[in-house]
Amino acid sequence: AQKITQTQPGMFVQEKEAVTLDCTYDTSDPSYGLFWYKQPSSGEMIFLIYQGSYDQQNATEGRYSLNFQKARKSANLVISASQLGDSAMYFCAMREGGYGGATNKLIFGTGTLLAVQP
Amino acid sequence: DVKVTQSSRYLVKRTGEKVFLECVQDMDHENMFWYRQDPGLGLRLIYFSYDVKMKEKGDIPEGYSVSREKKERFSLILESASTNQTSMYLCASSPHRNEKLFFGSGTQLSVL
């Protein structure tokens, strides 16, 4: 069965430092997609970054990068130069099924609560 | 921008009541989803729909049903609310072949 594991329930980071949020996954499907979402206290889920299983390079979006290690089945999120507004819950997720699948159903990890300290 | 709107931000109901959670999206997306979010459990999929009048069970469908009579609207129904259904409910939508889900702001449901 497909599964996403986030082993860090919570983390602290100093403002302006980099932080890595861990995510490991398990799937037998050779084609899959990995996502990171941010959920601030307002509750809305905000898409951050996406990595496809066949992508050759690690995904980057501004201060966010995804450290994709396929052999280890890990997809860690790296946030550079942390800001106070980065304080939020972060979820790793995986899309079941092949590329462009009709349903785009996502399974989620349990989340990591990040607190950025001034 | 895509907008996914959930009708209520907070909702308080009594056990045994029939509860409707409404979700509307304005981008003509084929796929719509209902998740519930609980501390320590992350988001779990209740039901999803990939077309009008179509529905599929997710991982935790027990105690819930859904309705999708129009493409833009996906309703989650609690036939007889119970205290263990107290949770944050998140609706999401996505285009047919797009990878990203767009989420609403969530409904915090308390069943007393």
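Conventions adopted
Throughout this description, residue numbers start from 1 for each chain and increase along the sequence as written. The order in which chains are written sets their letters, starting at A; the order in which ligands are written sets their numbers, starting at 1. Residue-level local features of this predicted model are given only where pLDDT is at least 70; pairs of side-chain atoms are given and counted only at 80 or more, and the full residue set underlies all totals for whole chains, interfaces and linings. With hydrogens and water stripped out, all remaining heavy atoms of the structure feed into the side-chain values. Numbering goes from the N terminus for both helices and strands, where a helix is a DSSP run of H or I of at least four residues and a strand is a run of E of at least two. Only the C-alpha atoms count toward the radius of gyration. The rule for a globule is 2.2 Å times the residue count to the power 0.38. Under the scheme applied here, a residue whose accessible area is under 20% of the maximum for its type counts as buried, over 50% as exposed, and between as partly exposed, the area being computed with a 1.4 Å probe on protein chains only. Note on contacts: a residue pair qualifies if any of its non-hydrogen atoms lie within 4.5 Å across the two residues. His residues and chain termini do not enter the charge count, which takes Lys and Arg as positive and Asp and Glu as negative. One atom stands in for each charge, and that atom is NZ of Lys, CZ of Arg, CG of Asp or CD of Glu. Take the buried residues of types Ala, Val, Leu, Ile, Met, Phe, Trp, Tyr and Cys, join any two whose side-chain atoms come within 4.5 Å, and each joined set is a nonpolar core.

All right, on to the overall build of chain A then. A count of helices and strands for chain A gives 0 helices and 12 strands. For 118 residues, the compact-globule estimate of 2.2 N^0.38 gives 13 Å, and the C-alpha radius of gyration of chain A, at 14 Å, lies within 12% of that figure. Counting only C-alpha atoms, chain A reaches 45 × 30 × 25 Å along its principal axes. Buried residues in chain A amount to 46% of all 118 residues. Taking as baseline every contact in chain A between residues at least 6 positions apart, the subset at least 24 positions apart corresponds to 57%. Computed over 9 positive and 10 negative side-chain charges, the separation of the two mean positions in chain A equals 4 Å.

For the rest of this paragraph, the subject is unusual backbone geometry. Of note in this structure, Ala81 of chain A is not a glycine but carries a positive phi near 50°. Although it is not a glycine, Lys53 of chain B adopts a positive phi angle of roughly 65°. Counting through the fold element by element, Lys53 of chain B comes out in the loop between strand S6 (42-49) and strand S7 (56-57). Here Lys53 of chain B falls in the exposed class, since its relative accessible area comes to 58%.

Attention now moves to the nonpolar core. Residue and element names in this part refer to chain A. Within the largest apolar cluster, 25 residues are counted, with the highest numbers of intra-cluster contacts made by Ile4, Tyr25, Leu34, Trp36, Ile49, Leu77 and Tyr90. Looking at this core, the elements that each hand over two or more residues are strand S3 (19-21), strand S5 (33-39), strand S6 (46-52), strand S8 (64-69), strand S9 (74-79), strand S10 (88-95) and strand S12 (112-117). If one sorts the elements of this core by residue count, S10 sits on top with 4 residues. Setting aside anything within four residues of it in sequence, one finds Ile4 in contact with Cys23, Thr24, Tyr25, Leu34, Cys92, Ala93, Met94, Ile107, Phe108 and Gly109.

Everything listed is a geometric property; what it means functionally is a separate question.
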